[in-house]
Amino acid sequence: MTSFLNQGLERLMNLYEEACGVNKMLEAKLKKVEVTIADQGMIATAKSQHYEDKFKAMTQEAQAVMKKATQEAQAKLDDVPAQHEQDMISYREGLKSFIVISLLQARLKMAYEAKVAGFEFPTWTIEAWEVKLKDLRALLWSILLILGLESPPKRLKWR
């Protein structure tokens, strides 16, 4: 009976040692899994922080771009009244030049026709009118170039 008990005891000892080995193996696996989970948690935290920082940087960059675009648009908008005023001044000066050119042309035509008909008017300074007409045409060309026009409107005859 002792041998039977010894065999049973041995068997129990083997089972116990086997269970302890399995237990240690399971503890080692559990510890490895815990380390893996902790590593994955740190990786997820780092990725989350990275993407949060990237999002924040992109948001700040987008805000900076929007602010710059807004400032540029505001600057252009602020320049519009001054540019409009300058354009109106150029337009008025051009219009005045057209009117004076038309008047000088009419005077010169009248003076030439009177001269052909035999009338002389010593107070008429035809040469001065021609010089003035030439100067005004040059001024008008410069105004037209400033306005971006290549020639005067066709309905105005000034040559």
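Bear in mind that the values here come from a model prediction, so they are computed numbers and not experimental data.

1. What to know about the overall build of the protein chain
Step number 1: Helices and strands together make up the secondary structure of the protein chain, namely 2 helices and 0 strands.
Step number 2: With 159 residues in all, the protein chain has 12% of them scored as buried.
Step number 3: Nonlocal contacts in the protein chain, meaning residues at least 24 apart in sequence, comprise 57% of its contacts between residues at least 6 apart.
Step number 4: Counting only carbon and sulfur atoms, one obtains 63% of the accessible surface of the protein chain, whose full area is about 13700 Å².

2. Digging into the nonpolar core
Step number 1: Core analysis: the biggest nonpolar cluster contains 11 residues, these being F98, I101, L104, L108, A111, I126, W129, L133, L136, L140 and L144.
Step number 2: Elements represented by at least two residues in this core include exactly α1 (2-116) and α2 (126-147).
Step number 3: Looking at which element gives the most residues to this core, the answer is α2, with 6 residues.
Step number 4: With sequence-adjacent residues up to four places away left out, I126 is seen in contact with L108, A111 and Y112.

3. A closer look at a nonpolar patch on the surface
Step number 1: A cluster of nonpolar side chains, namely L9, L12, M13 and L15, defines an oily patch on the protein surface of about 380 Å² accessible area.
Step number 2: Its place among the elements puts L15 in helix α1.
Step number 3: Among the residues examined, L15 registers a relative accessible area of 37% and is labelled partly exposed.

So, how was this worked out
Residues numbered from 1 in each chain as written. Predicted model: local features only at pLDDT ≥ 70, side-chain atom pairs only at ≥ 80, totals over all residues. Heavy atoms only, no water. Helix = DSSP H or I, 4+ residues; strand = E, 2+ residues; numbered from the N terminus. Buried < 20%, exposed > 50% of the residue type's maximum accessible area, 1.4 Å probe, protein only. Contact = heavy atoms within 4.5 Å. Areas by Shrake-Rupley, 256 points an atom, 1.4 Å probe, with all protein chains shown as cover. Core = buried A, V, L, I, M, F, W, Y, C linked by side-chain atoms within 4.5 Å. Patch = residues over 30% accessible without salt bridge, like charges linked within 9 Å, V, L, I, M, F, W, Y side chains within 5 Å. Salt bridge = Lys/Arg side-chain N within 4 Å of Asp/Glu carboxyl O.

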